[in-house]
Structures are given as structure tokens and as C-alpha cells.
Amino acid sequence: MSEKKVSRRDFLLYAIGGWAAVGAGATLYAMYKTWEPLPEVKAAGIVEFDLATVKPGEVKVIEWRKKPVFILHRTPEMKEDCTKRTIKTSSGEYTVVIGICTHLGCIPNWEPENNIWHCPCHGGKYNACGINIFGPPPKPLYIPPFKLEGTKIVLGEEGPEYKQMVSG
Ligand code: FES
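Quick caveat: nothing in here was measured; it's all calculated off a predicted structure.

Calculation rules
- Residues numbered from 1 in each chain as written.
- Predicted model: local features only at pLDDT ≥ 70, side-chain atom pairs only at ≥ 80, totals over all residues.
- Helix = DSSP H or I, 4+ residues; strand = E, 2+ residues; numbered from the N terminus.
- Buried ≥ 20, exposed ≤ 12 C-beta atoms within 10 Å, placed from the backbone.
- Contact = placed C-beta atoms within 7 Å.
- Pairing = 2+ DSSP bridges.
- Core = buried A, V, L, I, M, F, W, Y, C linked by C-beta atoms within 7 Å.
- Axes fitted to C-alpha atoms, helices over the stretch in contact; angles between N-to-C directions.

## Structural notes on the overall build of the chain
Moving on, step 1. Within the chain, the regular secondary structure consists of 3 helices and 11 strands.
Moving on, step 2. Along the chain, helices (α) and strands (β) appear in the sequence α-α-β-β-β-β-β-β-β-β-β-β-β-α when read from the amino end.
Moving on, step 3. Relative to its 168 residues, the chain shows a buried fraction of 19%.
Moving on, step 4. Residue pairs at least 24 apart in sequence account for 43% of intrachain contacts in the chain once pairs closer than 6 positions are excluded.

## A closer look at the sheet that holds strand β8 (residues 125-126)
Moving on, step 1. Strands sit in the order β6-β7-β8-β9 across an open sheet of 4 strands; the sheet is antiparallel. At either margin of the open sheet sits one strand with a lone partner, and together these are β6 (109-111) and β9 (132-134).
Moving on, step 2. As paired strands, β6 and strand β7 (residues 116-118) are joined by 3 bridges and run antiparallel to one another. Opposite E111, over in β7, you have I116 as the bridge partner.

## Side note on the nonpolar core
Moving on, step 1. Core analysis: the biggest nonpolar cluster contains 19 residues, and I71, Y94, V96 and I153 have the highest contact counts within it.
Moving on, step 2. Taken together, the elements giving at least two residues each to this core come down to β3 (67-73), β5 (92-98) and β11 (152-155).
Moving on, step 3. With 4 residues, the single largest contributor to this core is β3.

## Side note on the sheet that holds strand β4 (residues 87-89)
Moving on, step 1. On the basis of which strands lie adjacent, the open sheet formed by 4 strands has the order β2-β3-β5-β4 and antiparallel pairing. Two strands in the sheet have a free side with no partner beyond their single neighbour: β2 (59-64) and β4. Averaged over all pairs of adjacent strands, the angle between their axes in this sheet comes to 30°, without regard to strand direction.
Moving on, step 2. As judged from the 6 bridges shared by β2 and β3, these two strands associate in the antiparallel manner. Counterpart to E63 in the pairing with β3 is P68.

## Description of unusual backbone geometry
Moving on, step 1. Unlike most non-glycine residues, R65 shows phi in positive territory, near 50°.
Moving on, step 2. Overall, the presence of 13 C-beta atoms within 10 Å leaves R65 in the partly exposed class.
Moving on, step 3. With phi around 55°, N115 is a residue other than glycine that occupies positive phi space.
Moving on, step 4. Residue N115 is classed as partly exposed on the basis of its C-beta count, with 17 C-beta atoms lying within 10 Å.

## Brief notes about the pairing of strand β10 (residues 146-149)
Moving on, step 1. Where β10 lies against β11, 4 bridges are found, and the strand directions are antiparallel. Bridge pairing in β11 links E149 to K152.
Moving on, step 2. Hairpin remark: β10 followed by β11, antiparallel, with 2 residues in the connecting loop; positive phi at G150, about 70°.

## With respect to the environment of F134
Moving on, step 1. Summarising the element assignment, F134 is placed in strand β9.
Moving on, step 2. Residues in contact with F134, not counting those within four places in the same chain, are G124 and K125.

That's the geometry; what it means functionally is another story.
And the structure:
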């Protein structure tokens, strides 16, 4: 049997190849770390809010990704069938919608005496489910992606309740 001799030239080629592989790996890792969002950036799109702090009949407005989000604690007087747009927790039933009119983007106002949102720009109206009922808005107010943790809502994450709502 003949033993294969590794020449000095082969050895140098192997060594250079090895270093090149290590260098490529380090470069890829550095690129990955550059592209990966920082933890504070990842967390920026997530907002947590305790629904139990909203009294029955009250609307609170919170900010999520620079948009207003309306949180309405529904009452039995709000007769609309909101089954597909209702968030239920141990503290009550809620409508949670992005507060931007689906016509041209104004911010509707809540009218507690009528239990509707009224858009000041062109008179569009939405019921307590956030469904467009009058005027030019072509669609209901959008529901932000959310996840429930007890009475806490986490905006920016898609939980099973949200997926069920948007699945139709
Ligand atoms: S922007 Fe709301 S009705 Fe036109």
C-alpha cells in the first residue's frame, strides 16, 4: 500500500481553504446579526392593555404602531350582533378596532348617546361593532392583530381568537 504524501503546496491550499470557510462563516454570522432587529425594535410593535380597566359603556383610546385603537366595553343596550367582532373575557365583552375611518382616514368620534362612531370628515357612521352603517366608508373599522392573556390584550400578536375572527 502506498501512503499518499501531502506536499507543502497541498498543505497550504488546505489551510487557505479552511481559513476561507471560517471567514465566510464569520461574515454570514455578522450579516445575520446586522439584519436581526434589536430586541427593543421587536418589542416596539407590541402593546399590552388590561381590558378590565375600561368601564361598561366606556371607550378608551390607546396607541398602537402610531395608530389610535378604540376599546369599547360593550353593554346589553348595544343590540347589534357583534358575535364575529366581539372579544370576550371574564371582565366583559369588548369591541377593539383601529380608529381610522376606512373612507379617507379621519379619526371617528364616539357618540355615547347613540352608541356609534361618527366620522367628522364626511359623516360616515359605524355601529358599536365598528361596522360601517352610514355614509361613504366602504368597510368596517379594522381589527388589529391581538392575543388574549386573561383580561389583558396584546396588540401586535395573532392569537387564536384573532385568527378565528378574520377567518370569516
Ligand atoms: S374620512 Fe370618514 S367619512 Fe370620509
